[in-house]
Amino acid sequence: MNELLIAVLMIGLTILFYQGALFIYRRFRRIYTAPIILSTLAIIALLLLFHLPYETYMTGGKWIDHLLGPAVVALAYPLYQYRDVLNRMLLPILTGTLIGAFVGVTSGLLLSKWAGFSELIIHSIVPKSVTTPVAMSIAESSGGVMPLAAVFVMIAGIGGVLIHPVVMRYARLTHPLGKGVGMGSASHAIGTATSMERDPLEGSVSTIAMVLSAVIVSVLAPGLTLLLM
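No experiment lies behind these values; they were computed from the predicted model shown. (Residues numbered from 1 in each chain as written. Predicted model: local features only at pLDDT ≥ 70, side-chain atom pairs only at ≥ 80, totals over all residues. Heavy atoms only, no water.)

Chemist: Mind showing me how you'd approach the overall build of the chain here?
Modeler: Helix and strand content of the chain: 12 helices and 0 strands. Taken from N to C terminus, the helices and strands of the chain fall in the order α-α-α-α-α-α-α-α-α-α-α-α. Relative to the globule expectation of 17 Å for 229 residues, the C-alpha radius of gyration of the chain, 18 Å, shows essentially globular dimensions. Counting the 229 residues in the chain, one finds 39% classified as buried. The contacts in the chain between residues at least 6 apart in sequence include a share of 66% that link residues at least 24 apart. As displayed, the chain offers around 12900 Å² of accessible surface, 73% of which is attributable to carbon and sulfur atoms. (Helix = DSSP H or I, 4+ residues; strand = E, 2+ residues; numbered from the N terminus. Rg over C-alpha atoms; globule rule 2.2 N^0.38 Å. Buried < 20%, exposed > 50% of the residue type's maximum accessible area, 1.4 Å probe, protein only. Contact = heavy atoms within 4.5 Å. Areas by Shrake-Rupley, 256 points an atom, 1.4 Å probe, with all protein chains shown as cover.)

As C-alpha coordinates, then:
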(Lines give C-alpha, C1' and ligand atoms only; values in the text may rest on other atoms or scores of the structure.)
Protein backbone atom coordinates (compact mmCIF):
# COMPACT_ATOMS: atom_id res chain seq x y z
CA MET A 1 0.00 0.00 0.00
CA ASN A 2 2.86 2.37 0.86
CA GLU A 3 4.46 1.68 -2.51
CA LEU A 4 1.19 2.55 -4.26
CA LEU A 5 0.92 5.85 -2.37
CA ILE A 6 4.52 6.73 -3.21
CA ALA A 7 3.89 5.91 -6.88
CA VAL A 8 0.79 8.12 -6.99
CA LEU A 9 2.66 10.92 -5.21
CA MET A 10 5.60 10.78 -7.62
CA ILE A 11 3.30 10.77 -10.66
CA GLY A 12 1.31 13.68 -9.23
CA LEU A 13 4.45 15.71 -8.51
CA THR A 14 5.82 15.03 -11.98
CA ILE A 15 2.59 16.25 -13.60
CA LEU A 16 2.52 19.27 -11.30
CA PHE A 17 6.11 20.21 -12.11
CA TYR A 18 5.52 19.80 -15.82
CA GLN A 19 2.37 21.93 -15.78
CA GLY A 20 4.22 24.60 -13.83
CA ALA A 21 7.10 24.49 -16.30
CA LEU A 22 4.64 24.69 -19.20
CA PHE A 23 3.05 27.79 -17.67
CA ILE A 24 6.46 29.46 -17.33
CA TYR A 25 7.36 28.51 -20.91
CA ARG A 26 4.17 30.05 -22.27
CA ARG A 27 4.88 33.27 -20.40
CA PHE A 28 8.61 33.42 -21.20
CA ARG A 29 9.11 31.50 -24.44
CA ARG A 30 12.84 30.82 -24.49
CA ILE A 31 14.93 27.76 -25.31
CA TYR A 32 16.16 27.50 -21.71
CA THR A 33 12.59 27.61 -20.34
CA ALA A 34 11.49 24.51 -22.29
CA PRO A 35 9.18 22.43 -20.05
CA ILE A 36 11.34 19.30 -20.28
CA ILE A 37 14.31 21.26 -18.91
CA LEU A 38 12.53 23.08 -16.08
CA SER A 39 10.52 20.06 -14.93
CA THR A 40 13.63 17.84 -14.98
CA LEU A 41 15.55 20.36 -12.87
CA ALA A 42 12.61 20.61 -10.46
CA ILE A 43 12.50 16.82 -10.00
CA ILE A 44 16.27 16.68 -9.45
CA ALA A 45 15.99 19.45 -6.86
CA LEU A 46 13.19 17.57 -5.11
CA LEU A 47 15.21 14.36 -4.90
CA LEU A 48 18.28 16.20 -3.60
CA LEU A 49 16.36 18.33 -1.11
CA PHE A 50 14.55 15.40 0.52
CA HIS A 51 17.39 12.88 -0.01
CA LEU A 52 15.12 10.63 -2.03
CA PRO A 53 16.81 7.80 -3.96
CA TYR A 54 16.18 7.51 -7.68
CA GLU A 55 14.50 4.13 -7.12
CA THR A 56 11.88 5.81 -4.92
CA TYR A 57 11.00 8.30 -7.64
CA MET A 58 10.86 5.56 -10.27
CA THR A 59 8.20 3.75 -8.23
CA GLY A 60 5.84 6.14 -9.96
CA GLY A 61 8.15 7.40 -12.70
CA LYS A 62 8.26 4.00 -14.37
CA TRP A 63 4.53 4.29 -15.19
CA ILE A 64 5.18 7.58 -16.96
CA ASP A 65 8.12 5.96 -18.72
CA HIS A 66 5.80 3.25 -20.04
CA LEU A 67 3.83 5.97 -21.86
CA LEU A 68 6.87 6.86 -23.95
CA GLY A 69 6.08 4.07 -26.42
CA PRO A 70 2.49 5.21 -27.15
CA ALA A 71 3.71 8.81 -27.34
CA VAL A 72 6.22 7.88 -30.04
CA VAL A 73 3.55 5.94 -31.92
CA ALA A 74 1.30 9.04 -31.82
CA LEU A 75 3.93 10.87 -33.86
CA ALA A 76 2.78 8.77 -36.83
CA TYR A 77 -0.08 11.24 -37.40
CA PRO A 78 2.08 14.08 -38.77
CA LEU A 79 3.96 11.47 -40.82
CA TYR A 80 0.66 10.63 -42.49
CA GLN A 81 -0.07 14.30 -43.09
CA TYR A 82 3.24 14.87 -44.90
CA ARG A 83 3.59 11.41 -46.45
CA ASP A 84 3.94 12.72 -50.03
CA VAL A 85 6.75 15.12 -49.15
CA LEU A 86 8.48 12.54 -47.00
CA ASN A 87 8.32 9.91 -49.75
CA ARG A 88 10.06 12.28 -52.16
CA MET A 89 12.74 13.16 -49.61
CA LEU A 90 13.34 9.65 -48.25
CA LEU A 91 16.86 9.25 -49.68
CA PRO A 92 18.22 12.56 -48.27
CA ILE A 93 16.59 11.80 -44.91
CA LEU A 94 18.09 8.30 -44.82
CA THR A 95 21.54 9.56 -45.84
CA GLY A 96 21.52 12.38 -43.30
CA THR A 97 20.32 10.11 -40.51
CA LEU A 98 22.97 7.50 -41.31
CA ILE A 99 25.69 10.14 -41.07
CA GLY A 100 24.16 11.57 -37.89
CA ALA A 101 23.97 8.15 -36.26
CA PHE A 102 27.58 7.38 -37.18
CA VAL A 103 28.83 10.70 -35.80
CA GLY A 104 26.73 10.29 -32.65
CA VAL A 105 28.15 6.87 -31.85
CA THR A 106 31.79 7.58 -32.74
CA SER A 107 31.93 10.98 -31.06
CA GLY A 108 30.55 9.65 -27.80
CA LEU A 109 32.81 6.61 -27.89
CA LEU A 110 36.05 8.41 -28.82
CA LEU A 111 35.54 11.40 -26.53
CA SER A 112 34.69 9.23 -23.52
CA LYS A 113 37.66 6.98 -24.28
CA TRP A 114 39.92 10.03 -24.61
CA ALA A 115 38.63 11.30 -21.26
CA GLY A 116 39.69 8.03 -19.64
CA PHE A 117 36.21 6.76 -18.69
CA SER A 118 35.78 3.12 -17.78
CA GLU A 119 34.34 0.64 -20.26
CA LEU A 120 31.12 0.59 -18.22
CA ILE A 121 30.64 4.33 -18.80
CA ILE A 122 31.64 4.09 -22.46
CA HIS A 123 29.13 1.32 -23.18
CA SER A 124 26.45 3.39 -21.43
CA ILE A 125 27.21 6.59 -23.34
CA VAL A 126 27.49 5.13 -26.87
CA PRO A 127 23.70 4.95 -27.54
CA LYS A 128 23.03 8.45 -26.09
CA SER A 129 21.45 9.83 -29.26
CA VAL A 130 18.57 7.36 -29.60
CA THR A 131 15.29 7.20 -27.73
CA THR A 132 15.43 5.91 -24.14
CA PRO A 133 14.03 2.33 -24.47
CA VAL A 134 16.35 1.55 -27.39
CA ALA A 135 19.37 3.17 -25.72
CA MET A 136 18.82 1.19 -22.52
CA SER A 137 18.53 -2.05 -24.49
CA ILE A 138 21.72 -1.34 -26.46
CA ALA A 139 23.61 -0.41 -23.28
CA GLU A 140 22.47 -3.55 -21.46
CA SER A 141 23.43 -5.88 -24.32
CA SER A 142 26.90 -4.32 -24.69
CA GLY A 143 27.83 -4.27 -21.01
CA GLY A 144 26.62 -0.83 -19.97
CA VAL A 145 24.20 0.24 -17.24
CA MET A 146 20.58 0.90 -18.22
CA PRO A 147 19.81 3.76 -15.76
CA LEU A 148 23.10 5.44 -16.68
CA ALA A 149 22.27 5.15 -20.38
CA ALA A 150 18.92 6.83 -19.68
CA VAL A 151 20.75 9.73 -18.00
CA PHE A 152 23.02 10.20 -21.01
CA VAL A 153 19.99 10.12 -23.31
CA MET A 154 18.42 12.94 -21.28
CA ILE A 155 21.65 14.94 -21.43
CA ALA A 156 21.85 14.49 -25.22
CA GLY A 157 18.20 15.45 -25.66
CA ILE A 158 18.22 18.51 -23.41
CA GLY A 159 21.66 19.54 -24.68
CA GLY A 160 20.39 19.40 -28.26
CA VAL A 161 17.38 21.55 -27.40
CA LEU A 162 19.63 24.13 -25.73
CA ILE A 163 22.39 24.45 -28.34
CA HIS A 164 20.62 23.67 -31.62
CA PRO A 165 19.75 27.34 -32.42
CA VAL A 166 23.43 28.29 -32.24
CA VAL A 167 24.61 25.23 -34.19
CA MET A 168 22.02 25.67 -36.92
CA ARG A 169 22.67 29.39 -37.19
CA TYR A 170 26.42 28.94 -37.66
CA ALA A 171 25.83 26.02 -40.03
CA ARG A 172 23.34 28.21 -41.96
CA LEU A 173 20.82 25.41 -41.75
CA THR A 174 17.36 26.80 -42.50
CA HIS A 175 15.46 24.09 -44.39
CA PRO A 176 12.96 22.02 -42.33
CA LEU A 177 14.43 18.83 -43.82
CA GLY A 178 17.94 19.52 -42.53
CA LYS A 179 16.72 20.75 -39.16
CA GLY A 180 14.48 17.73 -38.69
CA VAL A 181 17.20 15.22 -39.55
CA GLY A 182 19.62 16.96 -37.19
CA MET A 183 17.20 17.07 -34.26
CA GLY A 184 15.87 13.54 -34.73
CA SER A 185 19.24 11.86 -35.14
CA ALA A 186 20.97 13.80 -32.33
CA SER A 187 18.29 14.58 -29.74
CA HIS A 188 15.68 11.83 -30.27
CA ALA A 189 12.20 12.39 -28.75
CA ILE A 190 13.04 15.60 -26.87
CA GLY A 191 14.44 17.20 -30.01
CA THR A 192 11.53 15.88 -32.07
CA ALA A 193 9.02 17.47 -29.69
CA THR A 194 10.82 20.80 -30.06
CA SER A 195 10.83 20.47 -33.86
CA MET A 196 7.14 19.53 -33.90
CA GLU A 197 6.29 22.67 -31.95
CA ARG A 198 8.22 24.86 -34.38
CA ASP A 199 7.16 23.31 -37.70
CA PRO A 200 5.00 20.19 -38.35
CA LEU A 201 7.07 19.26 -41.42
CA GLU A 202 10.33 19.59 -39.49
CA GLY A 203 8.79 17.52 -36.69
CA SER A 204 7.69 14.83 -39.14
CA VAL A 205 11.19 14.59 -40.62
CA SER A 206 12.62 14.51 -37.10
CA THR A 207 10.28 11.63 -36.24
CA ILE A 208 11.53 9.58 -39.20
CA ALA A 209 15.14 10.43 -38.33
CA MET A 210 14.58 9.39 -34.72
CA VAL A 211 13.12 6.00 -35.71
CA LEU A 212 15.76 5.35 -38.38
CA SER A 213 18.51 6.40 -35.99
CA ALA A 214 17.34 3.88 -33.40
CA VAL A 215 17.57 1.08 -35.98
CA ILE A 216 20.91 2.24 -37.40
CA VAL A 217 22.56 2.75 -34.00
CA SER A 218 21.36 -0.70 -32.89
CA VAL A 219 23.36 -2.14 -35.79
CA LEU A 220 26.34 0.22 -35.74
CA ALA A 221 27.02 0.53 -32.02
CA PRO A 222 28.25 -3.03 -31.26
CA GLY A 223 30.57 -3.14 -34.29
CA LEU A 224 32.02 0.35 -33.82
CA THR A 225 32.54 -0.28 -30.12
CA LEU A 226 34.54 -3.43 -30.82
CA LEU A 227 36.52 -1.67 -33.56
CA LEU A 228 37.39 1.51 -31.67
CA MET A 229 37.73 0.28 -28.07
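Chemist: What am I meant to see in the nonpolar core here?
Modeler: Grouped together as the largest cluster of nonpolar side chains are 14 residues, with contacts concentrated most on V105, V126, V130, I138, V217 and A221. Among the elements of the structure, α7 (90-114), α9 (132-142) and α12 (200-228) are those that each provide at least two residues to this core. With 5 residues, the top contributor of residues to this core is α12. Leave out the neighbours within four places in its chain, and I138 touches P127, V130, V217, S218 and A221. (Core = buried A, V, L, I, M, F, W, Y, C linked by side-chain atoms within 4.5 Å.)

Chemist: So what exactly am I meant to see when it comes to a nonpolar patch on the surface here?
Modeler: Side chains of Y32, L162, I163 and V167 sit close together on the surface and give an oily, nonpolar patch of about 400 Å² of accessible area. In this fold, V167 is placed in helix α10 (residues 146-170). (Patch = residues over 30% accessible without salt bridge, like charges linked within 9 Å, V, L, I, M, F, W, Y side chains within 5 Å. Salt bridge = Lys/Arg side-chain N within 4 Å of Asp/Glu carboxyl O.)

Chemist: Sorry if this is basic, but what is going on with helix α2 (residues 35-49) here?
Modeler: One full turn of an α-helix is made of 3.6 residues, so residues set three or four places apart face in the same direction. Compared with the 21 Å implied by 1.5 Å per residue over 15 residues, the 21 Å span of α2 between its first and last C-alpha is a close match. For α2, the complete set of buried residues consists of P35, I37, S39, T40, I43, L46 and L47. Turning to α2, the residues buried within the fold contact α1 (2-27), α3 (54-66) and α10. One or two residues past the end of α2 sits H51, with phi positive at roughly 55°. (Expected span 1.5 Å × (residues − 1).)

Chemist: I'm lost on the packing of α9 against α10 in this one. Help?
Modeler: The relative placement of two packed helices comes down to the angle between their axes together with the axis-to-axis distance. Axis separation between α9 and α10 bottoms out at 8 Å; the angle between their running directions is 135°. By the angle between their axes, α9 is oblique relative to α10. For α9 against α10, the interelement crossing comes out right-handed. Listed contacts from α10 to T132, A135, M136, A139 and E140 of α9 are M146, A149, A150 and V153. Looking at the contact of α9 with α10 residue by residue, the class counts come to 7 nonpolar, 1 polar and 1 charged. (Axes fitted to C-alpha atoms, helices over the stretch in contact; angles between N-to-C directions. Parallel < 35°, antiparallel > 145°, perpendicular 65-115°, else oblique. Left-handed = near helix turned anticlockwise from the far one by under 90°. Nonpolar A, V, L, I, M, F, W, Y, C, P; charged D, E, K, R; others polar.)

Chemist: For this particular structure, what's the right way to read the packing of α1 against α2?
Modeler: In contact at an axis separation of 8 Å, α1 and α2 are set at 135° when each is read in the N-to-C sense. Considering their axes alone, α1 and α2 lie oblique with respect to each other. Crossing of α1 over α2 shows right-handed handedness. Residue-level contacts link L13, T14, F17, Y18, A21, L22, I24 and Y25 of α1 to P35, I36, L38, S39, A42, I43 and L46 of α2. The residue makeup of the contact of α1 with α2, split by class, is 13 nonpolar, 2 polar and no charged.

Chemist: How should the pattern of salt bridges be read in this particular structure?
Modeler: Pairing is possible between side chains of opposite charge, provided their charged atoms come close. Here the structure, examined in full by the defined rule, presents 1 salt bridge. Where E202 meets R198, a salt bridge forms, and the shortest distance between an N and an O atom there is 2.4 Å. Its relative accessible area of 38% is what places R198 among the partly exposed residues.

Structural measurements only, silent on function.
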